[in-house]
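Listed below are the residues making up each chain.
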Amino acid sequence: MTDHSSPARLRWELGIVLALSFGASGVYAVVTIIERLTREAALSSQTATINRPLAESPVFDLVYQLLAFVFGLAPVALVIFLLWRDRRPHLAGLGLGRPAPGLTERRPSPLSKRSNGSRGGWWLRETGRGFALAALIGVPGLGFYLFAKGIGINTTVVPTALDAFWWTVPVLVLQALRAALSEELIVVAYFFDRMRRLGVGPVATVVSSALLRGSYHLYQGFGGFIGNVVMGLVFGWAYQRWGRSLPLVVAHWLLDIVSFAGYPLAVALWPALFAA
């Protein structure tokens, strides 16, 4: 009978999951930044567009955007399948679902001990932590982006180039959700679980996850790489401490919603800083 938890099998599984998701994205991003550096135009004068139209027709553009959202979650479905538990909470391996009493976080505080008895309070607490993480990352992250662009190590990032239709903002919110679920459940929750099972220490796991996160943002420039490595270190520390992924998903979702949906307003107010 095959040992489904053998180190060799886990290494192959981890490699396959990353090859189907952010490992492949990291390789493409490395090639992209090399190609960018070979261009005559300076890196700071180039653009990196995240959400772009997928068809000329608004109807078919919407259809393609929704298909990209659905099928883009396939790697998330894969790691849910791999870490699914027969007993409740089914998604405990991914740090999701109502935590068992006394296991709200890996280093419980007196406050968390008092609130563990609440049947529904856990998601409010974790959502609040997500808002706090978003504030911690968002404001300094924006400042660092402008600094990196100013010194010439980053492209001008265009969060959305979609035309304005009735469905544009809902689609951007969905794409932000897809990015949040994909990155936090694969690059953090799943990755941490498999690295722990392979005997890798917590510090090496946090650093490896952060470097992976930075790698697939290299297409934006070196500023995108550095900024996302820092974000990965903070998120990795939070997951290592709490053992919960909902705060990370909420924080990432909020950051991307503001970035995607707020970009046209930012360009209108401060074109010199944000316009391509």
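Residues numbered from 1 in each chain as written. Predicted model: local features only at pLDDT ≥ 70, side-chain atom pairs only at ≥ 80, totals over all residues. Heavy atoms only, no water.

Draft legend 1. Representation of the packing of aromatic side chains. Within this structure, the stated rule accounts for six aromatic pairs. Pairing Phe165 with Trp167 gives two aromatic rings, centres 5.2 Å apart and planes at 20°, and the pair type is stacked. Residue Trp167 is classed as buried on the basis of its relative accessible area, which comes to 3%. Above the plane of the ring of Trp242 lies Arg129, whose end atom (NZ or CZ) is 4.5 Å from the centre. (Phe/Tyr/Trp six-rings, centres within 6.5 Å; stacked < 30°, edge-to-face > 60°. Buried < 20%, exposed > 50% of the residue type's maximum accessible area, 1.4 Å probe, protein only. Lys NZ or Arg CZ within 6 Å of the ring centre and 35° of its normal.)

Draft legend 2. Geometry of the environment of Phe131. Assignment of secondary structure puts Phe131 in helix 6 (residues 121-150). Distance from Phe131 to Leu248, taken between C-alpha atoms, is 9.2 Å for residues 117 residues apart in sequence. Contact partners of Phe131, with chain neighbours within four places excluded, come to Val250 and Leu254. (Helix = DSSP H or I, 4+ residues; strand = E, 2+ residues; numbered from the N terminus. Contact = heavy atoms within 4.5 Å.)

Draft legend 3. Focus on helix 2 (residues 22-37). Between its first and last C-alpha atoms helix 2 spans 22 Å; for 16 residues at 1.5 Å apiece the expected length is 22 Å, and the two agree. Restricting attention to buried positions, one finds in helix 2 the residues Phe22, Gly26, Ala29, Ile33 and Arg36. Burial along helix 2 is one-sided: seen end-on, the buried residues are contained in an arc of 90°. Those residues of helix 2 that are exposed and aimed more than 90 degrees away from the buried face are Val27, Tyr28 and Val31. Of the surrounding secondary structure, the elements contacted by the buried residues of helix 2 are helix 1 (7-19), strand 1 (47-51), helix 7 (168-197), helix 8 (202-215) and helix 9 (222-242). (Expected span 1.5 Å × (residues − 1). Arc of directions from axis to C-beta.)

Draft legend 4. Main features of the nonpolar core. By size, the foremost hydrophobic cluster in this structure holds 37 residues, and its most contacted members are Leu133, Tyr190, Phe235 and Leu248. Where this core is concerned, the elements lending two or more residues are helix 1, helix 4 (74-83), helix 6, helix 7, helix 8, helix 9 and helix 10 (246-269). Tallying contributions element by element places helix 7 first for this core, with 11 residues. With near-sequence residues (within four places) excluded, Tyr190 lies in contact with Glu13, Leu14, Val17, Val79, Leu82, Leu83, Leu94 and Leu185. In this structure, Leu62, Leu162, Leu172 and Ala176 belong to the second largest nonpolar core, which totals seven residues. (Core = buried A, V, L, I, M, F, W, Y, C linked by side-chain atoms within 4.5 Å.)

Draft legend 5. Here's a closer look at the environment of Trp270. Mapped onto the elements, Trp270 comes out in the loop between helix 10 and helix 11 (271-274). In sequence terms Trp270 and Ser182 are 88 residues apart; their C-alpha atoms lie 31 Å from each other.

Draft legend 6. Quick peek at the side chain of Gln220. Relative to the assigned elements, Gln220 resides in the loop between helix 8 and helix 9. Here Gln220 is in contact with Ala48, Ile50, Asn154, Thr155 and Val157, once residues within four sequence places are set aside.

Draft legend 7. Seen up close, the pattern of salt bridges. Enumeration according to the criterion identifies eight salt bridges in this entry. Arg244 is paired through a salt bridge with Glu126; the nearest N and O atoms lie 2.5 Å apart. Of this pair, Arg244 sits in the loop between helix 9 and helix 10 while Glu126 sits in helix 6; the two residues are 118 residues apart in sequence, bridging distant segments of the chain. We note that Arg244, like Glu126, is buried. Within this structure, Glu13, Asp193, Arg194, Arg196 and Arg197 form a network of salt bridges that share partners. (Salt bridge = Lys/Arg side-chain N within 4 Å of Asp/Glu carboxyl O.)

Draft legend 8. Molecular detail of a nonpolar patch on the surface. Together, Leu54, Val59, Phe60, Val63, Tyr64, Leu67, Val70 and Phe71 make up a nonpolar patch on the protein surface, roughly 790 Å² of accessible area in all. You can call Leu67 partly exposed: its relative accessible area is 38%. (Patch = residues over 30% accessible without salt bridge, like charges linked within 9 Å, V, L, I, M, F, W, Y side chains within 5 Å. Areas by Shrake-Rupley, 256 points an atom, 1.4 Å probe, with all protein chains shown as cover.)

Draft legend 9. Quick peek at unusual backbone geometry. With an omega of -10°, the peptide bond running from Arg88 to Pro89 counts as cis. By the element assignment, Pro89 lies in the loop between helix 4 and helix 5 (110-115).

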